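# A structural walkthrough
Chain by chain, the residues:
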Amino acid sequence: MMARIFSRWCLAGSVMLTLLFPIAATAGVNVEGVRIWPAPDHTRLVLDVANKVDHKVFALSGPSRLVIDLENTTLKADFDKLDLSGSPVKRIRSAPRNGNDLRVVLDLKSDIKPRSFQLEPNQQYGHRLVVDLIDEGGLKARKPSEPTVTENANGKRDIIVVVDAGHGGEDPGAIGPRGTREKDVVLRMSKTLAELIDAKPGYTARLTRTGDYYIDLRSRTLLARKHNADLFVSVHADAFRTPQPRGASVFALSQRGATSETARWLAKTENRSDLIGGAGGVSLDGRDDMLAGVLLDLSMTASINSSLGVGDSILGRLGSVAKLHKKGVEQAAFAVLKSPDIPSVLVEAGFISNPKEEQNLSSAWYREKLSQAVFRGIDDYFQKTPPPGTLLAWQKQNGRGDGSVSQYRIRRGDTLSGVARENQTTVSELMQYNGLNDDRVMVGQTIRIPAS
Ligand SMILES: [Zn+2]
């Protein structure tokens, strides 16, 4: 992915150098394509421009309009082909202005606040001018934000899992050799995962995005906080410079270095997608109050430990349906995992840069299998350590599991005594509970764990 961007950059650079010098004075910019991405709190209009463009954006009211003036620019794209449904835009008009300039006018349903910035080329698009139409009315209407609390009939709350489909909108994420886009497969997989979570009593899922639009990384973790998440799971698909690497991986945040070169490289690529937010990421590290820093560090360490625990459980289940890229949970400085008190993991479902895995990730059947494994891993973890006040905690306390409470699937290297120790029980109790004649176990065998 990196190599491809680099070569495209180099190519663009050399072409520009040879073209710019002789005709710099007269060469204009063409708008070669337009896209629109409606999101819940804003709509993003993107113009493909061949190069950086001098522009001005301003809003007018009565009637509500937005004017985009582009200097020395020619329109080669067709605004009439845009699907404006779900956006505040009623109509888009354009006309040449002052000879070489272009004026684009958006007729709006209501006043909006505009924001514009330019984007560098990524793996899918070239230079772009982005105009965000921010629906302030919509934002205000949603404040103060109502936290998600879901209660069961008996007054016990659900465990809330926030599922985050990586990338979206103008940010395609990684792109496979056959053109499969990470943003699309991870959204489908996230929706499947959320359905599985919702289907199980004691769990509620929330998605950070439900459509094809971009949310910056900090807003994704803020959404997790708003929903009072017990767990944040960000779903991605890897890409690497070469087609060989494959396998699923699970990541947790590291405050220090990354555990492998791949982890470091991935964190850099995933974090880079946030440049797209335009506003720049807000860093948690900006705090200078020492006490706050220490407290944050402590809670971060606690949540990193829980994150590693959940990650371990997920890997345990993933291992039976997919090849694993690494056996253990990897750690790297992913911005999207920086929630000080919410256990957060990033699941890389496979390498979209590997032709076989690209094909797998494109299949609904495979995504379902992966999602099931991820959810079983999550469930394994919460059955063992249910958050206080939840239905699962209550079930564990009262020994009233729904049959799947505290189940463990034997993995390579496990012994029954190890499983007993892990769950604060004894070998003889496990044998009795599972109707076993001796303490031999097989890989893949499911062991029921009595509630302690
Ligand atoms: Zn990604």
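Procedures and definitions
Residues numbered from 1 in each chain as written. Predicted model: local features only at pLDDT ≥ 70, side-chain atom pairs only at ≥ 80, totals over all residues. Heavy atoms only, no water. Helix = DSSP H or I, 4+ residues; strand = E, 2+ residues; numbered from the N terminus. Buried < 20%, exposed > 50% of the residue type's maximum accessible area, 1.4 Å probe, protein only. Contact = heavy atoms within 4.5 Å. Areas by Shrake-Rupley, 256 points an atom, 1.4 Å probe, with all protein chains shown as cover. Pairing = 2+ DSSP bridges. Axes fitted to C-alpha atoms, helices over the stretch in contact; angles between N-to-C directions. Polar contact = N/O pair within 3.5 Å; in protein donor to acceptor, adjacent residues only side chain to side chain. Phe/Tyr/Trp six-rings, centres within 6.5 Å; stacked < 30°, edge-to-face > 60°. Lys NZ or Arg CZ within 6 Å of the ring centre and 35° of its normal. Core = buried A, V, L, I, M, F, W, Y, C linked by side-chain atoms within 4.5 Å.

The next point concerns the overall build of the chain. Regarding its fold elements, the chain presents 11 helices and 17 strands. Across the 452 residues of the chain, 49% fall into the buried class. Partitioning the intrachain contacts of the chain with sequence separation of at least 6 by distance along the chain shows that 72% fall at a separation of at least 24. A total accessible area of about 21800 Å² is found for the chain, and carbon and sulfur atoms account for 52% of it.

A few words now on the sheet that holds strand β8 (residues 113-119). The mixed open sheet is built from five strands, whose spatial order is β5-β1-β2-β9-β8. Two strands lie at the open edges of the sheet, namely β5 (73-75) and β8, each paired on one side alone. Strand-to-strand twist in this sheet, taken as the mean axis angle between neighbours without regard to direction, amounts to 30°. Both strand β1 (residues 29-38) and β5 contribute to a ladder of three bridges, which runs parallel.

Locating Ser-87 in the fold gives a position in the loop between β5 and β6 (89-97). In this structure Ser-87 comes out as buried when scored by relative accessible area, which is 5%. Of the polar contacts made by the side chain of Ser-87, one reaches the backbone nitrogen of Val-89; its length is 3.1 Å. With near-sequence residues (within four places) excluded, Ser-87 lies in contact with Ile-36, Pro-38, Thr-43 and Lys-109.

Note: most peptide bonds trans; most residues except glycine with negative phi. Going from Gly-62 to Pro-63, the amide bond is cis rather than trans, its omega being -5°. Position of Pro-63 relative to the elements: it lies in the loop between β3 (55-60) and β4 (65-70). You will see that His-167, though not glycine, has its phi angle at about 60°, which is positive. By the element assignment, His-167 lies in the loop between β10 (159-165) and α3 (182-199). Assessed through its relative accessible area of 5%, His-167 is described here as buried. A positive phi is found at Asn-228, a non-glycine position, where the angle reads about 55°. Here Asn-228 falls in the partly exposed class, since its relative accessible area comes to 39%.

Attention shifts here to the packing of aromatic side chains. Enumeration over the complete set of coordinates arrives at three aromatic pairs. Here the aromatic rings of Tyr-381 and Phe-382 are separated by 5.3 Å at their centres, their planes lie at 70°, and the arrangement is edge-to-face. The class of Tyr-381 is buried, set by a relative accessible area of 16%. For Phe-382, a relative accessible area of 3% corresponds to the buried category. Ring pairing ties together the aromatic residues Tyr-203, Phe-375, Tyr-381 and Phe-382, which thus form one cluster. The positively charged end of Arg-220 is found above the aromatic ring belonging to Tyr-214, 5.3 Å away from the centroid.

Turning our attention to the environment of Gly-86. Within the element layout of this structure, Gly-86 appears in the loop between β5 and β6. Between the alpha carbons of Gly-86 and Thr-43 there is a distance of 8.6 Å; along the sequence they are 43 residues apart. Residues within four places of Gly-86 in sequence aside, it is in contact with Pro-38 and Thr-43.

Moving on to the nonpolar core. The nonpolar side chains of a soluble globular protein tend to be buried with one another. In this structure, Val-161, Tyr-203, Val-233, Ile-314, Leu-318 and Ile-378 are the most contacted members of the largest nonpolar core, which totals 43 residues. Not counting chain neighbours up to four residues away, the residues in contact with Ile-378 comprise Val-161, Tyr-203, Leu-231, Val-233 and Ile-314. Counting residues in each nonpolar core, the second largest holds 25 residues, with Val-29, Ala-77, Leu-106 and Leu-133 among its members.

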